[in-house]
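A look at the structure
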Amino acid sequence: MSLRERSILSLQDLTLDETEQLLTRAAGFREDGIAPTLAGRRVCGLFFNPSLRTRTSLEIAARSLGAQSLCYDVGGMWPLELEDGAVMDGDKIEHVRDAIGKFLSGVVDLIGVRSFPDLGRPYAEAGADALVQAVEEAAEVPVLNLESTLFHPMQGLADLFTLRNHLEGDPSDHTIALTWAYHPKPLPMAVTNTALLAFCRAGYRVRLVHPSGFDLDPDVMACAQELGGDRLSRHTDMDEGLRGARVIYAKSWASHASYGNLEEDARQRALHKDWIVNEERQAAADPGAFMHCLPVRRNVVVSDSVLDGPHSWVAEQARSRVLVQAAVLHEVLA
Ligand code: CP
């Protein structure tokens, strides 16, 4: 099936061949530059949360392809009602069906959405990815998930692209430690969920490393286990999980068990302030190339020496967001 006019809310929406098609296109753009194949098309990004890399990548990619790019932050849109049949006498000004279905779908060719609710909301609510789903249902044009509570597919593509630039041969010869790290606040699980599933599906040997109590969504874990089989292992000791790893991918996330309970989450994470990727832990890896999606808290999640060191792939990982974003826009719209 072609990617043309398709929405991408998760990398699981794509076959392995379609993922390959996007990564190959991104590599072509790196070699040859990005040709203006989307002249006259319009791309609109709706950002309900802050963003530097995703927004910049969407705008640069769209403009490099010759398309017009429009991005709105949460204060620049009317608050959206999502519920069907709602009597809108509260603080929601416009229904998603009107904003997206009746208006935006008719004047732009693609809509990107970043939306993850406040981490103080219960998981049952946040984990439904209601806004992204509602926009996709209301839209008559393709929708890209630019990070929701559950998934961040554009980041996942950049992560795969970066790995492939460095790791040759059989993916199962390479071990990636996908590790939780301390962060003073709870963060969405979207990057971790996406990386875990993508790396398992691509055939890498994956170690999921996190303290007890910081398990991921059980449905995501079940899917990862199915994709990874005996190539996936779990570790609750950071030193053990990182030892001998070819790549260390660090990311913090909220405790699933106490999601929405900020006090309990804070109490749990405060027990693990020593979960930092530092020189000593990198030295025990092999060679422990460092990845992080950014933004990152220096000397909390990772030490300066690792982040700025010779085995850091972070700059390449972040900059490749433009290439993979352009590949997605091209394949979906050209
Ligand atoms: N990694 C990432 O998505 O960065 P932004 O939040 O800055 O977009």
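Since this is a predicted model, take the numbers as computed values, not measurements.

1. Notes on the packing of aromatic side chains
Across all of its chains, the model carries 5 aromatic pairs by this definition. Consider the rings of W180 and F214, whose centres lie 4.6 Å apart with planes at 45°: the pair is tilted. Here W180, found in the loop between β7 (175-179) and α7 (190-202), pairs with F214, found in the loop between β8 (205-209) and α8 (218-228); they are 34 residues apart in sequence, far enough to count as distant. Both residues of the pair, W180 and F214, count as buried. Arranged with centres 5.9 Å apart and planes meeting at 75°, the rings of W180 and W275 form a pair that is edge-to-face. Within this pair, whereas W180 is found in the loop between β7 and α7, its partner W275 is found in the loop between α10 (262-270) and α11 (279-283), the two being separated by 95 residues in sequence. For W180, a relative accessible area of 0% puts it in the buried group. Taken together, the ring pairs connect W180, F214 and W275 into an aromatic cluster.

2. Observations concerning the nonpolar core
Membership of the largest hydrophobic core comes to 88 residues, with the highest contact counts inside it found for L163, L196, F199, F290 and L329. When residues of this core are assigned to their parent elements, the largest contribution, 9 residues, is made by helix α13 (residues 314-333). Shared between two domains, this core holds at least three residues of each, these being domain 1 (11-151 + 321-333) and domain 2 (153-317). Sequence-distant contacts of L163, defined by excluding residues within four places in its chain, comprise I176, F199, Y204, V247, M291 and W313. If you look at the next biggest cluster of nonpolar residues, it comprises 21 residues, including C44, L46, V108 and V135.

3. Some words on the site of the ligand
Close to the ligand lie S51, L52, R53, T54, R114, H152, Q155, C293, L294 and R321, which account for all nearby residues. Taking C293, its main chain carries an N or O atom lying 3.0 Å from a nitrogen atom of the ligand. Within the backbone of L294, one N or O atom sits 2.9 Å away from a nitrogen atom of the ligand. Protein contact buries 94% of the 250 Å² of open area that the ligand shows by itself. Per-class residue counts for the shell around the ligand are 3 nonpolar, 4 polar and 3 charged. Taken together, domain 1 (11-151 + 321-333) and domain 2 (153-317) each give at least three residues to the shell around the ligand, which thus spans both.

4. A short note on the sheet that holds strand β9 (residues 232-235)
The pairing of strands in a sheet comes from backbone hydrogen bonds and takes either a parallel or an antiparallel form. What the 5 strands build is an open sheet, ordered β9-β8-β7-β10-β11; its pairing is parallel. The outermost strands of the open sheet, each flanked by one partner alone, are β9 and β11 (289-291). For this sheet the average axis-to-axis angle between neighbouring strands, irrespective of direction, equals 20°. Sheet topology places β7 next to strand β10 (residues 247-250); 4 bridges connect them, and they run parallel.

5. Observations regarding helix α5 (residues 130-138)
Think of an α-helix as turning once every 3.6 residues; residues three or four places apart then point the same way. Every buried residue of α5 is accounted for by L131, V132, A134, V135 and A138. Within α5, the buried residues cover an arc of 165° as seen down the axis, which keeps them to one side. Looking at the buried positions of α5, the neighbouring elements they touch are α3 (96-107), β5 (110-115) and β6 (143-148).

6. Digging into the sheet that holds strand β2 (residues 68-73)
Taken in spatial order, the 4 strands of this open sheet run β2-β1-β5-β6, and their pairing is parallel. Where the open sheet ends on each side, the last strands, each with one partner, are β2 and β6. Going from strand to strand, the sheet's axes swing by 15° on average, the running direction of each strand aside. Looking at chain direction, strand β1 (residues 42-47) and β2 are connected through 6 bridges and run parallel. Among the inter-strand pairings, L46 is bridged to a residue of β2, identified as Y72.

Conventions adopted
Residues numbered from 1 in each chain as written. Predicted model: local features only at pLDDT ≥ 70, side-chain atom pairs only at ≥ 80, totals over all residues. Heavy atoms only, no water. Phe/Tyr/Trp six-rings, centres within 6.5 Å; stacked < 30°, edge-to-face > 60°. Helix = DSSP H or I, 4+ residues; strand = E, 2+ residues; numbered from the N terminus. Buried < 20%, exposed > 50% of the residue type's maximum accessible area, 1.4 Å probe, protein only. Core = buried A, V, L, I, M, F, W, Y, C linked by side-chain atoms within 4.5 Å. Domains from an automatic or database assignment. Contact = heavy atoms within 4.5 Å. Near = heavy atom within 4 Å. Polar contact = N/O pair within 3.5 Å; in protein donor to acceptor, adjacent residues only side chain to side chain. Areas by Shrake-Rupley, 256 points an atom, 1.4 Å probe, with all protein chains shown as cover. Nonpolar A, V, L, I, M, F, W, Y, C, P; charged D, E, K, R; others polar. Pairing = 2+ DSSP bridges. Axes fitted to C-alpha atoms, helices over the stretch in contact; angles between N-to-C directions. Arc of directions from axis to C-beta.

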